[in-house]
Amino acid sequence: MSTTLEKGQTINFYKATMPIILSVFTIYLTIGIALGALPKFVQNNLGFNSLIIGLVIGLQSLATLITRAYSGKITDTKGAKKSKMSGVILSIIAGVTYIIAVSCQSSPLLALGFLLLARIIHGVGESFLVTGALTWGIGLAGHQSSGKVMTWNGIAMYAGIAIGAPLSIWLSKGFGELNAFVLIMILPAISWISTAKLPAVPVDIDHVRTPFYKVIKTVAGQGLSLAFSSIAFGCIASFVGLFFMEKNWGDASLAFMTFGACYVLTRIFFASFPDRFGGFRVAFVSLIIEAAGQMMIWTSGSKEMAIIGCGLTGIGFSLIFPALGVLAIQKVKPQMRGTALGAYVAFVDLSLGLAGPAAGLAAGWFNYQTVYLFGVICCILSMIILIFNKK
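Okay, so let's go over this structure. What you see is a predicted model; the values in this text were computed from it and never measured. (Residues numbered from 1 in each chain as written. Predicted model: local features only at pLDDT ≥ 70, side-chain atom pairs only at ≥ 80, totals over all residues. Heavy atoms only, no water.)

**Observations concerning the packing of helix H13 (residues 303-318) against helix H14 (residues 320-329)**
Filter applied, for reference: Here, axes are lines fitted to C-alpha atoms. For helices the fit covers the stretch in contact, and angles between N-to-C directions go from 0 to 180 degrees. The numbering of helices and of strands both runs from the N terminus, where a helix is a DSSP run of H or I of at least 4 residues and a strand a run of E of at least 2. Working definition: roughly parallel below 35 degrees, roughly antiparallel above 145 degrees, roughly perpendicular at 65 to 115 degrees, and oblique for all remaining angles. Contacts are residue-level and defined by heavy atoms, with any inter-residue pair within 4.5 Å sufficient. As a working rule, the residues Ala, Val, Leu, Ile, Met, Phe, Trp, Tyr, Cys and Pro are called nonpolar, Asp, Glu, Lys and Arg charged, and the rest polar, with Gly in that last group.
Axis separation between H13 and H14 bottoms out at 5 Å; the angle between their running directions is 15°. Comparing their axes, H14 and H13 come out roughly parallel. Residue-level inspection shows Gly-316, Phe-317 and Ser-318 of H13 in contact with H14, the latter providing Ile-320, Phe-321 and Pro-322. Residue composition of the contact of H13 with H14, grouped by class: four nonpolar, two polar and no charged.

This is how it looks when you write it as C-alpha cells:
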C-alpha cells in the first residue's frame with residue numbers, strides 16, 4: 001500500500017484503527033502515570049498544598065486547550081499523521097522534563113518549576129496526538145465509522161489513565177518516583193512504532209478554512225455539556241488518592257482500576273447505543289448514572305462505597321463523549337473534521353484544566369470528600385445544558 005491513501009479511499013476498520021488505538025493507549029498510559037504519581041509527590045516530597053496540586057494537575061489540560069486551534073489547523077493542513085507523530089515526540093520531551101524535576105526535589109521551587117514545564121509540554125503533546133489520531137482514524141476507516149473510531153479511541157484514552165495511575169502508585173511505592181517518570185519517557189517509543197507504517201490520509205489544501213471561533217460556536221452546545229460531565233472525572237483523577245489517604249483507606253489503586261474497568265466495559269458492550277437510541281437519550285441517562293456515582297463518593301462512609309461510586313462514575317461518563325461527539329462533527333464539512341474535533345475536545349481540556357484548581361479550593365476550604373459534591377453539581381449543570389441543546 002502507498003504511504004498516502006487516494007482521496008475517498010478507506011481501509012478495513014480494525015486494520016486502520018487498531019495501531020492508532022494502541023498508540024493512543026500508550027500515550028495515555030503516560031498521562032495516567034503522571035496523574036497517579038504527581039499528587040503525592042507534590043504534597044509529600046515538595047511540601048506544597050492542595051491548591052498547588054490542583055494547579056500542577058490542571059495545567060496539562062489548560063496547555064492542551066490553548067493549543068487545540070493550532071493542532072487542528074496542522075492536522076487539516078499538514079496531515080493527521082504528522083500531527084499525531086508530533087504529539088509522540090513532545091511526550092518523550094515531557095518525560096525527560098519530569099525526570100529533571102524529580103532530580104531537583106531537594107529544591108522544591110525549582111522542582112515545581114520543572115514540573116509545571118513538563119505538564120505544559122505533556123499537554124501540548126496530548127493536543128496534537130488526540131486531534132491527529134482521531135482525524136487519522138476517521139480518514140482511514142471512513143466517515144461512516146466515525147462513531148466507532150471515537151468510541152475505541154476513548155477506550156484507549158481512559159484505559160491508559162486507569163491503568164497508568166495505579167501502575168505509577170505501585171512503582172513509586174516499590175521503586176521510587178523516578179522510575180515512574182522514566183517510564184513516561186520510554187513508552188512513547190511504542191506509540192511511534194505502532195503507527196509508523198500506516199498510510200497518511202490526503203489533505204485538501206484548496207479548502208477554505210472556517211475560523212476556529214466559528215467552529216467552536218457550532219459545537220458549543222455539545223461541548224459545554226461534555227465539559228461539565230468531564231469535571232467529575234477530573235475530581236477522581238486529581239484527588240481520589242488524597243481522599244483515600246485522608247480517610248486512612250490505603251492507596252486508591254482499586255478505585256482507579258474500578259473506574260477504568262467500568263468505563264471500558266461500558267464502551268465495549270454498549271458502543272452501539274448512541275446510534276440505536278440517539279445521542280441525547282444516551283447522554284442524559286449517562287449523566288444521571290455519573291451524578292449518582294459522584295453522590296456515592298461524597299456520602300461514602302467506607303472504602304467499598306467510594307470504590308462503587310468510582311465505578312458508577314465510569315459507567316456514566318463512558319458514552320457521553322461518543323454520543324455528543326458524533327453530533328458535533330456532523331455539523332461541519334469533512335475538510336474541517338480535524339478542527340471540529342479539536343474544538344469539541346477543547347471543552348474537555350477546559351473542564352479538566354479548571355477542575356483541578358477549583359476542586360483543590362473546595363478541598364482546602366472543607367475536605368477532599370467535598371470535592372465530589374462539586375462533581376455532582378457539575379453533572380446537574382451538564383444535564384441542564386443538554387436539555388437546551390437537544391440537536
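There's more to say after this.
**Let's talk about the packing of helix H3 (residues 68-78) against helix H5 (residues 108-141)**
Quick reminder of the rule: By convention, the crossing between two helices is left-handed when the near helix turns anticlockwise from the far helix through less than a right angle, and right-handed when the turn is clockwise.
Packing of H3 against H5 leaves a shortest axis separation of 9 Å and a crossing angle of 40°. As far as their axial angle goes, H5 and H3 are oblique. The two elements H3 and H5 cross, and the hand of that crossing is right-handed. Residues Arg-68, Tyr-70, Ser-71, Gly-72, Ile-74 and Thr-75 of H3 form the contact with H5, whose own contacting residues are Glu-126, Ser-127, Phe-128, Val-130, Thr-131, Gly-132 and Thr-135. Of the residues in the contact of H3 with H5, the class split is four nonpolar, seven polar and two charged.

**Quick word on the packing of aromatic side chains**
Note the cut-off: Stacked, edge-to-face and tilted are the three classes for Phe, Tyr and Trp ring pairs, Trp counted by its six-membered ring, which pair at centre distances within 6.5 Å; planes under 30 degrees apart are stacked, over 60 edge-to-face, the rest tilted. Type-normalised accessible area, obtained with a 1.4 Å probe on protein chains alone, sets the label of each residue: buried when under 20%, exposed when over 50%, and partly exposed for intermediate values.
According to the stated counting rule, one finds 14 aromatic pairs in the structure shown. Relative to Trp-249, the ring of Phe-243 has its centre 5.4 Å away and its plane inclined at 75°; by these criteria the two rings are edge-to-face. For Phe-243, a relative accessible area of 0% corresponds to the buried category. Aromatic ring contacts, followed pair by pair, group Phe-233, Phe-259, Tyr-263 and Phe-317 into a single cluster.

**Notes on the environment of Ser-103**
Note the cut-off: The term polar contact refers here to a pair of N or O atoms within 3.5 Å; inside protein, the definition further demands a hydrogen-donor-capable atom paired with an acceptor-capable atom, and it admits residues adjacent in sequence only when both atoms are side-chain atoms.
Looking at the element boundaries, Ser-103 is found in helix H4 (residues 80-103). The sequence separation of Ser-103 and Leu-178 amounts to 75 residues, and the corresponding C-alpha distance is 8.0 Å. Within the structure, the side chain of Ser-103 is placed 2.9 Å from the backbone oxygen of Ile-99, a separation counted as a polar contact.

**Considering a nonpolar patch on the surface**
Using the following cut-off: The patches reported here contain residues having more than 30% relative accessible area and no salt bridge. Joining distances are 9 Å for like charges and 5 Å for nonpolar side chains (Val, Leu, Ile, Met, Phe, Trp, Tyr). Values of accessible area rely on a 1.4 Å probe in the Shrake-Rupley scheme; residue burial ignores everything except the protein chains shown. For this document, the term salt bridge refers to a Lys or Arg side-chain nitrogen within 4 Å of an Asp or Glu carboxyl oxygen.
A cluster of nonpolar residues, Ile-377, Ile-380, Leu-381, Ile-384, Ile-387 and Phe-388, forms a patch on the protein surface that exposes about 560 Å² of accessible area. Within the fold, Leu-381 resides in helix H16 (residues 371-387).

**Quick word on the nonpolar core**
Inclusion rule: Here, the term nonpolar core denotes a set of buried Ala, Val, Leu, Ile, Met, Phe, Trp, Tyr and Cys residues that are joined through side-chain atoms within 4.5 Å. All the domain ranges listed were derived from an automatic or database domain assignment.
Ranked by internal contacts, the top residues of the largest apolar core, which has 113 residues, are Tyr-98, Val-240, Phe-244 and Tyr-372. Two domains each donate at least three residues to this core, and these are domain 1 (10-193) and domain 2 (211-390). Tyr-372 has contacts with Cys-235, Ile-236, Phe-239, Val-240, Phe-243, Gln-294, Ile-297 and Trp-298, leaving out every residue within four places of it along the chain.

None of this, on its own, says anything about what the molecule does.
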